[in-house]
Amino acid sequence: MQWIQKDYQSDQKGSKMKCLTAHSLKEAIRLYKQNPNFALLAGGSDLNVQIFNKSIKHEGLIALHPIKKLAKIKCTQKSAKIGALCTISDIIDHESIQKHFPLLLEMQNDFASKQIRNMATIGGNIANASPFSDLIPLLLVLNAKIKVISSKGKRTIALKDLYRGYKKLDLNNEILISIILPIKEHQFYYKKIAPRKRLAIAKLSLAVTKGKKFRVSGSALNSSHRRFKHIEKCFNAKQTSDRALKEAIDQDIAPSTSYRSDPKYKKQVLFNMLKEAIEKLS
Amino acid sequence: MQLNITINQKLYTLECAADKRASEILRELGFISVKEGCKSGECGACTIYLNNKVVNACLLCALQIDNAQITTLEGLKEETLELKKSFIDEGAIQCGFCTPGFMMSGYDYLQNGGKADELQIKEALDGNLCRCSGYKKIIKAIKKVAK
């Protein structure tokens, strides 16, 4: 049965944005080369809101969702390769991920809501580069690498080298295709502070892993995501006196003043969380 | 763009802007169980099944639902009959605006073998907001149907 309405009110409230759909990775690369100013649309859970609100202006969109190849998770003994279009649900429901990266399962509780976990993608989260991302700090402390592709070829870079300031990525017209997580034994600490338990934007979060060395990161603490080098140094050298930690915090984080919570509060809470983390992981 | 969508197992073909909000399209086609509350993915009143997964219709644009399978509450009338009765019996409704969204999330929970466990039900409803009933009766209604 088919229903066709010829005179369906195509109200052009939406801007006259040019919208393209890529059906294969090859096509995506070609379209992005021809239209470098277009935005890449993955799950759209954040980008679409901005488009509907008209709070950002793009010349156009390239939708990537039909590229099934990028929605797969592959695990070997050494690493897990997560396609950029895997949704958060795909990731936390995956057996090997559950086995090797229990830290990522924290997203079950802390990443938005069921509906959004079913549509938001890991690649979109990384590329959207929100300083409030719950996921990016976890990937940073798991030592993630990312694979990007363009008409000039593929390259692999460490996630920690991707961010160059607020929503600025160190990419040159490249498309993020997969995330690689090395499988190494580790302990972890994770906590998110938010005004309520679910579907909340973080006031701050802290993620710490301890393998051979400590890796520390968190969200909502800087204008762009990074590992907290000075805090890591303290942890690795076992210099965890109150003074040393406070100094490291001052060097590692520079939260902006927002209506959500002020920098002084964030620093104090981060300090408390670091204390808790070191206790748990020593 | 020309949009082909299967909604509740019927194929629809229409012309619309590629960056039009999916919840608007569904409502204009008459599927008014899809409510537009916050329009930013917070309230869950627009919850639909997209390719068998619950998502927020307000966060999708036309481009993304081209060639997709969508199920709205209208397409689950029979399947949700017991749940609907339970909502009525428990008085899990006040203004009713959030109810279709809660029915969808509740149905999805039950479909996936959800148990009569209050905490798990609460977790399953993490993407839905109700500003008048206070959740207790909604949770009770879903619990009653769960095995």
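Residues numbered from 1 in each chain as written. Chains lettered and ligands numbered in written order. Predicted model: local features only at pLDDT ≥ 70, side-chain atom pairs only at ≥ 80, totals over all residues.

Caption draft 1: Representation of the overall build of chain B. Regarding its fold elements, chain B presents 6 helices and 5 strands. Its helices and strands in sequence order give chain B the pattern β-β-α-β-β-α-β-α-α-α-α, from N to C terminus. Whereas a compact globule of 147 residues would reach a radius of gyration of roughly 15 Å, chain B reaches 15 Å, a difference of no more than 12%. Dimensions of chain B along its principal axes, counting C-alpha atoms only, are 45 × 25 × 20 Å. Excluding contacts between residues fewer than 6 apart, the proportion of contacts in chain B whose partners are at least 24 apart in sequence is 61%. (Helix = DSSP H or I, 4+ residues; strand = E, 2+ residues; numbered from the N terminus. Rg over C-alpha atoms; globule rule 2.2 N^0.38 Å. Contact = placed C-beta atoms within 7 Å.)

Caption draft 2: Fine view of the sheet that holds strand E12 (residues 214-219) of chain A. Residue and element names in this part refer to chain A. Taking strand neighbours across the sheet as the criterion, the 3 strands line up as E10-E11-E12 in an open arrangement whose pairing is antiparallel. Each of the sheet's edge strands pairs with one partner strand only, and the pair in question is strand E10 (187-193) and E12. Each strand axis lies, on average, 10° off the axis of its neighbour in the sheet, ignoring direction. Here 7 bridges tie E10 to strand E11 (residues 204-210), and the two strands are oriented antiparallel to one another. Within E11, the residue paired with Ile193 across the bridge is Leu204. (Pairing = 2+ DSSP bridges. Axes fitted to C-alpha atoms, helices over the stretch in contact; angles between N-to-C directions.)

Caption draft 3: Molecular detail of the pairing of strand E9 (residues 175-182) of chain A. Residue and element names in this part refer to chain A. Counting buried positions over the 8 residues of E9 gives 6, a clear majority of the element. Judged from the 5 bridges that link them, strand E6 (residues 79-83) and E9 form a sheet pairing that is antiparallel. Among the inter-strand pairings, Ser79 is bridged to a residue of E9, identified as Pro182. (Buried ≥ 20, exposed ≤ 12 C-beta atoms within 10 Å, placed from the backbone.)

Caption draft 4: Structural detail: the sheet that holds strand E2 (residues 18-21) of chain A. Residue and element names in this part refer to chain A. On the basis of which strands lie adjacent, the open sheet formed by 3 strands has the order E2-E4-E3 and parallel pairing. Sheet topology places E2 and strand E3 (39-41) at the edges, where each strand pairs with a single neighbour. Each neighbouring strand pair of the sheet contributes to a mean axis angle of 25°, computed without reference to strand direction. With 3 bridges joining them, E3 and strand E4 (residues 60-63) adopt parallel strand pairing. The residue bridging Ala39 from the neighbouring strand is Leu61, located in E4.

Caption draft 5: Geometry of the interface of chain A and chain B. Residue-level contacts link 32 residues of chain A with 33 residues of chain B. Listed by contribution, the elements that provide at least two residues to the side of chain A that touches chain B are strand E1 (2-4), E2, helix H2 (47-53), E4 and helix H6 (114-117) of chain A. Counting residues per element, the side of chain A that touches chain B draws most heavily on H2(A), at 4 residues. Split into classes, the residues belonging to the side of chain A that touches chain B amount to 15 nonpolar, 15 polar and 2 charged. (Nonpolar A, V, L, I, M, F, W, Y, C, P; charged D, E, K, R; others polar.)

Caption draft 6: Just helix H4 (residues 99-111) of chain B, in detail. When the terminal C-alpha atoms of H4(B) are compared, their 18 Å separation across 13 residues agrees well with the 18 Å that a helix rising 1.5 Å per residue should span. Counting buried positions over the 13 residues of H4(B) gives 12, a clear majority of the element. Every buried residue belonging to H4(B) is among Thr99(B), Pro100(B), Gly101(B), Phe102(B), Met103(B), Met104(B), Ser105(B), Gly106(B), Tyr107(B), Asp108(B), Tyr109(B) and Leu110(B), and all of these are buried. Residues of H4(B) that are buried in the fold lie against H6 of chain A together with strand E3 (47-50), strand E4 (53-56), helix H3 (81-90), helix H5 (118-124) and helix H6 (136-145) of chain B. Backbone geometry just downstream of H4(B) places Gly113(B) in the positive-phi region, at approximately 75°. (Expected span 1.5 Å × (residues − 1).)

Caption draft 7: The arrangement of unusual backbone geometry in detail. Even without being a glycine, Lys167(A) presents a positive backbone phi close to 50°. Residue Lys167(A) is classed as partly exposed on the basis of its 13 C-beta neighbours within 10 Å. The backbone of Asn52(B) sits at a positive phi, close to 70°, despite the residue not being glycine. Inspection of the secondary structure assignment puts Asn52(B) in the loop between E3 and E4. Given 10 C-beta atoms within a 10 Å radius, Asn52(B) is considered exposed.

Caption draft 8: Here's a closer look at the domain arrangement of chain B. Residue and element names in this part refer to chain B. Per the domain assignment, the segments making up chain B are domain 1 (2-74) and domain 2 (77-145). Distance between the C-alpha centres of domain 1 and domain 2: 21 Å. The partner domain 2 presents 13 residues to the 13 residues of domain 1 that form the contact. Here the side of domain 1 that touches domain 2 is built from residues that sort into 6 nonpolar, 4 polar and 3 charged. (Domains from an automatic or database assignment.)

Caption draft 9: Expanded view of the pairing of strand E8 (residues 153-158) of chain A. Judged by how many residues are buried, E8(A) sits mostly at the surface: 0 of 6 residues are covered. Here strand E7 (residues 145-150) of chain A hands over to E8(A) after 2 residues, the two strands then running antiparallel side by side.

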